[in-house]
Amino acid sequence: MNAEEILNLKNNAIALITGAGGREELEELRVKYLGRKGEINRMLSEIPKMAAEEKTVAGEAINDLKWVIEEAIAGKGGEILETADAGWTDLTGPGKDPGLGSVHLVTKAIDEITGIFEKIGFTRVRYPTVDWDWYAFESLNMPKGHPARDEWETFFVEAPAHPKLGKMVLTPHTSNGQVREMERVGKPPIRMLNIAPCFRRQQDVTHLVSFIQFEGLVVDRGISIAHLKGVIDYFAGKFYGQGVKSRLRPFHFQFTEPSFEVDFSCSNCKGTGKLDGGGRCRFCKSGWHEVGGAGMVHPTVLKNGGIDPKEYTGFAFGWGVERTYAMKPEVKIDDIRLLNSTDLRVLKQ
Amino acid sequence: MNILIPHSWLLDYLKTEAKPEEIGRRLSLAGPSVESVSRQGNDWVYDIEVTTNRIDMYSVLGIAREAAVILKTSSLVRLTAAGARGRTTVDYLKVKIDKRLCPRFAAALVENVKVKPSPLEVQRQLTLAGHRPINNIVDTSNYLMHAYGQPVHVFDYDRIGGHKMILRESWKGEKITTLDGKTFTLAGGDIVIEDGKGKLIDLCGIMGGANSAVSEKTKNVLLFVQKYDPKRIRKTSLKLQQRTAAAQIFEKDPDVEAVGPVLAEGVKLLENWAKGKARKQVLDISENRPAASPISLSWEMMDTYLNHQVKHEEAAEILTSLGFRVNEIATPRRGGARNDGDNEGIEATPPSWLANGIKIDVDLIEEIARIWGYGKFESLIPEGRIPLTDPGQKLWFESEAKILAAHLGYTELYTTPLVSASEIATPRRGGARNDGLRLANPLSEDWEYLRTSLWGGLLGAMKQNKPLAPVSVFELAPVFLKKGDHELPEERLRLTLATHRPAEVILGQLQSMANEWGIDTRVEMTEVDNLADGKSGVVYSNKLAVGIIGQVSGEIMAGYELDLPVWILDLDFDLVKKLAKKTLSLNPAPKFSAISEDITLILPPKAMLGAIIETMKKKSALIQSIKVVDRWENTVTLRVEFNSEDKQLTQEEVNKQKEAILAALVLVFPGVSLPRQGDS
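So, about the interface of chain A and chain B. On the chain B side, the residues contacting the 89 residues of chain A number 83 residues. Carbon and sulfur atoms supply 61% of the area buried between chain A and chain B, which totals about 7,200 Å² over both sides. When the area that chain A buries against chain B is broken down by residue, the three leading residues are A:Arg126, A:Pro250 and A:Leu344, summing to 9%. In this assembly, chain A and chain B are joined by 2 salt bridges. Between B:Glu398 and A:Arg126 there is a salt bridge, with its nearest N and O atoms 3.0 Å apart.

Set out below in structure tokens:
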């Protein structure tokens, strides 16, 4: 091998490299020259056979050649990439639909509500929808035949009544979970979030036959109305936004005393009932939305759950998931039955 | 129940400067719920919701009492015993009363009345209150009921046979025609009045009889004010579906002390409006009414409920303003010394109109707190220990599964749990039992049974959405499985996916989901009810049957008018939850490079690729994975990756494995063959 050979090799290599048609061809050239069995290594392997004074010169020359070829390949590689980049791809129109499905709004609402309450120590449970009269009514201070039962139009199941627990019903509220939870946990503290389907025998524009309700129950030493307010305000802030406040008005339930109706301030008009530009806020009732009922757990209910009302007090609230969700100002739903729709034109929005 | 109160009428009892809208607002915050305040001409009308426990508010006076306390103005008219003292006998009426049915019976005779329209102002107010003015006699009874919450009846005295009244239980089969013209056959046990001629002249507490009603010809009026046994009134009223205002009031046990004063007031009105002359003797027969018992309330209890925010003196003042008689309970001191200042609590005796609704200490707390002002309470998150009481229902796992299904392209549905009889009767949908629970009082035929499967809802939705096909929908929800007598049904969770997309898609999705859940799956081809033959199977995991998969049968498809084939995956989700692993582990990547071989097989009809792949894996321990790269008619190409943990495999070793596998396959599956050399 002599200088002339090396020069020829270099010229050939550069000619081939600059003329390479694509990445594959370039790779083949790289292997040919720079690979394990390539030209450079072959030349290097001949160095031991050379005379001493020729070794150094040859070594340097081969190293230079190696460098030149590496540079040429790198340069050509960059050029090939730029060419690949040339052209036009329209990114403004609709792409290919990946076909995502969706989780139902009600599921999202349930998960959001669960997250909010779990952060302050609530345990989420699901109690039965088909339950005995004892849990749905009698243990909640509503004896058989009491007028208060009229408030909840109840579905009865065709099945033999239980000798102790009464008839089998579809529970009209998640409050059937209260005494069940007291029995399950045994001794306070209790912080229950029961989310389950309920049924009421009544269907019109504002009522669904079946809907999901969520029930909170807190029982401990020293629980007061201020704690009920605190938990409700906390929920309102998280669910509807900072600044949304709650309001308690007198009401009556057999299983709570005192009993309340709970309103949340309207986030649309900031609880004033009026809009910034004048005019009435159409979204709410004088600045407030009615969300549902609440109250301090009646001592009879605590006793029925095996808890001493002289030692412990508690509060409870029970609201509809669909209704509570529909009150979010971003949710513009007039007819609550839309949330029960199976029309995919609605659900796929 | 709601009551309409004209503002002008309220002002007969309440002295106030406040405007109606403000009154409505403040009442709602501290007392009865005023649903609306609407302007009617020069007047305003309050539409007030009265709760079942506070029947004392179902009257103008009742609302005035509340307003007087809440607005801190004095009420004008107090309902006190006035007029002539009642006697147990009178000369104009002979009575025989069953006191169990009627604890207080009062009547007064007003003679020589002139029946004509009531004064215009009275008619106007009655109309605004929702009553239809008829004449000055009938209007008197409606006026009194509305003003005082005490139902009142008026008889034409001369139509009472023998001027005799027997108040008794009805017998089964007795008939009565009430003054609205309806005739009822009684079940027995209802409270009725029989006159001296043996006719039933009153369905007590509900509606008077037509045969004793007042007309324009009436000369003498018997004014009639009672208290009845609430339970019987409710029973009769519900049975006969006569939910009159009187019945709805009586069944809630109104104030017995109102009877005397209302009777006296009624006599005055009749004299005024009808120019009649009242007899001096007034009848009033009642049981001994025991004095109301005081209710004890400890300050400790009130302080707990009310966050120590309400001063004790203020609490006592509020109760007094509501009509309670309040005594302090002194804390006993050693040595009998007197104590000043702090007491243990109070005893509060409710006024007669509250005695039926306010019975225990928490009832007192409610009265104190609402008047003091619910808006003034602090807002505190409870600070006690956090209960660690997870029941182990793994509800978070359901949310994750739903998100997974959504990412796989399925839209979640919530379908109604109530289904029709025909849906339940359809022979066992994929394992569902067809003895579903039936409702005793369904709202309609479509919603008579509790579902035992999610298929109906999903296929129904696919039918509804036919113009949008192909669609993929799912539901994760409970179905209701009947258990033994005296047992509640099992509310078993199922995850059901239904899609128009082809089998390999849903099969792949099942395998992906199982992988996410950390469970193995294997499908065994077998006949499944309501799925097409040869296109169905049971899904196993850990040798347990965990669900079914397959194409919906033509018969079911026809029933739902579906044209495009539907594939269904229906899993017992409660079982999946049990088997799923919460914690998944990771294995390190293989140390050596895999060598990949493509193997093409020609399969016989009805071949089960799953079994073939299992056999291949059993034959060679060096198989890292087997994927299907191509499947066309009866040819399948599998890409088999070989690898070893101990060393880098060579091509020769892999070839040997491949030969062994092919030899085994051809032996075990005689129908399987290899492509001829030269075919590729």
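The subject of this paragraph is helix α8 (residues 259-274) of chain B. Given 3.6 residues per helical turn, the α-helix brings residues three or four places apart onto the same face. Residue and element names in this part refer to chain B. Spanning 16 residues, α8 covers 22 Å between terminal C-alpha atoms, matching the ideal 22 Å at 1.5 Å per step. With 12 of 16 residues buried, α8 lies mostly within the body of the structure. Residues of α8 that are buried: Val259, Gly260, Pro261, Val262, Leu263, Ala264, Gly266, Val267, Leu269, Leu270, Trp273 and Ala274. Where α8 is buried, its residues touch β6 (104-111), α4 (120-128), α5 (136-148), β7 (152-156), β14 (221-227) and β15 (277-286). One or two residues past the end of α8 sits Lys275, with phi positive at roughly 55°.

We now examine the side chain of B:Ser644. Residue and element names in this part refer to chain B. Mapped onto the elements of the fold, Ser644 is located in the loop between β30 (635-642) and α19 (651-668). Residue class for Ser644 comes out buried when judged on its relative accessible area of 10%. A polar side-chain atom of Ser644 sits 3.0 Å from the main-chain amide nitrogen of Asp646. With residues near it in sequence (within four places) discarded, Ser644 still touches Phe592, Leu622 and Leu649.

Averaged over all residues, the pLDDT of chain A is 89; the fraction at 70 or higher stands at 96%. For chain A, the element scoring lowest by mean pLDDT is helix α11 (residues 344-347) of chain A, at 80; helix α9 (residues 299-304) of chain A scores highest, at 98.

Turning our eyes to something else, we now look at the nonpolar core. Formed by 158 residues in total, the largest nonpolar core has its most connected members in A:Phe117, A:Phe214, A:Phe264, B:Met165, B:Leu222 and B:Leu306. Looking at which element gives the most residues to this core, the answer is helix α8 (residues 225-240) of chain A, with 9 residues. Those residues in contact with B:Leu222, other than ones at most four positions away along the chain, are B:Tyr92, B:Leu93, B:Ala107, B:Ala108, B:Leu109, B:His153, B:Val154, B:Phe155, B:Tyr157, B:Ile160 and B:Met165. By size, the runner-up hydrophobic cluster in this structure holds 41 residues, among which are A:Val169, A:Ala316, B:Leu437 and B:Leu450.

What counts, and at which threshold
- Position numbers for residues start from 1 in each chain and track the written sequence from start to end.
- Key to labels: chains lettered from A, ligands numbered from 1, both in the order written.
- Since the coordinates come from a predicted model, pLDDT governs what is reported: local features require at least 70, and pairs of side-chain atoms require 80 or more to be given and counted, while whole-chain, interface and lining totals use all residues.
- Excluded from the side-chain calculation are hydrogens and water; included are all heavy atoms of the structure.
- Residues count as neighbours in contact if any of their non-hydrogen atoms are within 4.5 Å of one another.
- Note on definitions: buried area is the accessible-area loss of two parts on being combined, 1.4 Å probe, summed for both.
- Whenever Lys or Arg places a side-chain nitrogen within 4 Å of a carboxyl oxygen from Asp or Glu, that contact is recorded as a salt bridge.
- Numbered from the N terminus, helices here are DSSP runs of H or I no shorter than four residues, and strands are runs of E no shorter than two.
- Given the number of residues in a helix, its expected span is that number minus one, multiplied by 1.5 Å.
- Think of it in three bands: residues with accessible area under 20% of the maximum for their type are buried, residues over 50% are exposed, and the middle band is partly exposed, with areas taken using a 1.4 Å probe on protein chains only.
- For this analysis, a polar contact is any N or O atom pair within 3.5 Å, provided that within protein one partner can donate a hydrogen and the other can accept it, and provided that sequence-adjacent residues contribute only side-chain to side-chain pairs.
- Confidence scores here are pLDDT values: one per residue, from the predictor, ranging 0 to 100.
- The term nonpolar core refers to a set of buried residues drawn from Ala, Val, Leu, Ile, Met, Phe, Trp, Tyr and Cys, joined through side-chain atoms within 4.5 Å.

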